[in-house]
Structures are given as C-alpha cells and as structure tokens.
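Residue-level listing of the chains:
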Amino acid sequence: MSRIGRMPIAIPAGVTVELAENNKVTVKGPKGSIERTFAPEMTIKTENNEIIVERPNDLKRVKALHGLTRSLLNNMVLGVTNGFSKTMEINGVGYRAAKQGKKLVLNLGYSHQVEMVDPEGIETKVEDNKIIVSGIDKEKVGQYAATLRTKRAPEPYKGKGIKYDYEVIRRKVGKTGKK
C-alpha cells in the first residue's frame, strides 16, 4: 500500500472541501479556491475533518494514482491556507527587474526588455535582485518560475542569469592563455 496515499489529509479551520461527481474536488480557504478533477478510479471521502483517498485494487496504474491524488489534494489544502512561493535571484552586471502594474519588466542583457504579464492567480514581487513568485496553486507557481528562469538561465562561467535562491551554479574555469 502507498505510504503517502494512505495518510489522511487534515482539513484546517476555515477551509471547506466539496466533492462533486466524477471526482471533482473544490477546496475553498482564506486565500481563494482551487478546483480539480481527479482520476475516476480513486475514491475520495471526507470524514471528521479529514480527506481520505482509497484505491479499489492493486493495479500498477491505480497504485501510482493513489499517492499522486493524495499529494495533489494536500497541495490544494496547503495552497488555500498558506499559499506557495518561489524566490528567484538575478545575477549579472546591468541585469535587473522592475514591476509595472501586472507586468514584470526584465533587463537581461538582450537588445530589448523582456516583459512578462503575471498569469491569473500568480503574483510577482521585486526586491533588489530578487523576484518572488507566489500564488495558491503550486503547479502554476512552479511553472511560471521555470518560465521566468528560461528567459536567461544561469551560465557556468560567470554565473550570470536568473536562478532559484537555493540553486547552486557549478562554475567552470575559463580559457587559459597559450605559452
């Protein structure tokens, strides 16, 4: 049995979970609401302020869906209570970010500025050389942060570019002169 899948999810105070037909789950909390449809094989129940995910049999696909469904539900509950955020760092001479309304304007050494509009449910903040991406949907926050990173991924010689705050760039030694 899946160790993650069989763990119940505690529903905190102020959060409501609604189960509809075809495994459609809506989670509402202080930060907003998230809606998602899960695989029809899984059985999702709410009992005394806990969400329980059960599987009908031990087929490989169903076993894989068991833990996945529980993790996604847990992320929904955590998202509407605390929210998720990722912190990015901009390194490089002349590289900077600025916020203009719902637009993020990046100077990344190109001949033009890179402008990115915040998607629905995602908010960005700029502090010095840091960009903080936050929202209630973990998947959307991670995807937007990854898209931001692709605008100028860090290079291994000087470490210039956009990286996650926890990311470590393995540095390479540059060219050496001929003798």
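Just so we're clear, the structure is a prediction, and the values are computed from it rather than from any experiment. (Residues numbered from 1 in each chain as written. Predicted model: local features only at pLDDT ≥ 70, side-chain atom pairs only at ≥ 80, totals over all residues. Heavy atoms only, no water.)

Here's the deal with helix α2 (residues 138–150)
Because an α-helix completes one turn every 3.6 residues, residues spaced three or four positions apart along the sequence face the same direction. The criterion, for reference: Only DSSP runs of H or I reaching four residues or more are called helices, and only runs of E reaching two or more are called strands; each is numbered from the N terminus. One fewer than the residue count of a helix, multiplied by 1.5 Å, yields its expected span. Exposure is judged per residue with a 1.4 Å probe applied to protein chains only, and the accessible area is read against the type maximum: over 50% gives exposed, under 20% gives buried, and values in between give partly exposed. Comment: arc refers to directions from the helix axis out to C-beta atoms. Every residue pair with non-hydrogen atoms within 4.5 Å of one another is taken to be in contact. Polar contacts, as used here, are pairs of N or O atoms within 3.5 Å; protein pairs need one atom able to donate a hydrogen and one able to accept it. Residues neighboring in sequence count only if both atoms are side-chain atoms.
For α2, built from 13 residues, the straight-helix expectation of 18 Å at 1.5 Å per residue is met to within 8% by its first-to-last C-alpha distance of 19 Å. The set of residues buried in α2 consists of Val141, Tyr144, Ala145 and Leu148. An end-on view of α2 places all buried positions within 100 degrees of arc, on one side of the element. Within α2, the exposed residues directed more than 90 degrees away from the buried face are Glu139, Gln143 and Thr150. Taken together, the buried residues of α2 touch β7 (84–91), β9 (103–107), β10 (114–117), β11 (122–127), β12 (130–135) and β13 (161–164). Between the side-chain oxygen of the N-cap and the backbone nitrogen of Glu139 there are 3.2 Å, and the N-cap of α2 in question is Asp137.

With respect to the nonpolar core
Selection criterion: The definition of a nonpolar core used throughout is a set of buried Ala, Val, Leu, Ile, Met, Phe, Trp, Tyr and Cys residues joined through side-chain atoms within 4.5 Å.
The biggest cluster of nonpolar side chains holds 21 residues, and the ones touching the most others in it are Val25, Val27, Phe38, Ile51, Leu73 and Met76. For this core, the leading source of residues is helix α1 (residues 60–81), giving 7 residues. Among all residues touching Met76, those that are not within four sequence positions of it are Val25, Val27, Ile34, Glu35, Arg36 and Phe38. The next biggest cluster of nonpolar side chains, apart from the first, holds 18 residues, and it includes Met88, Leu104, Met116 and Ile131.

Keep in mind these numbers describe shape, not what the thing actually does.
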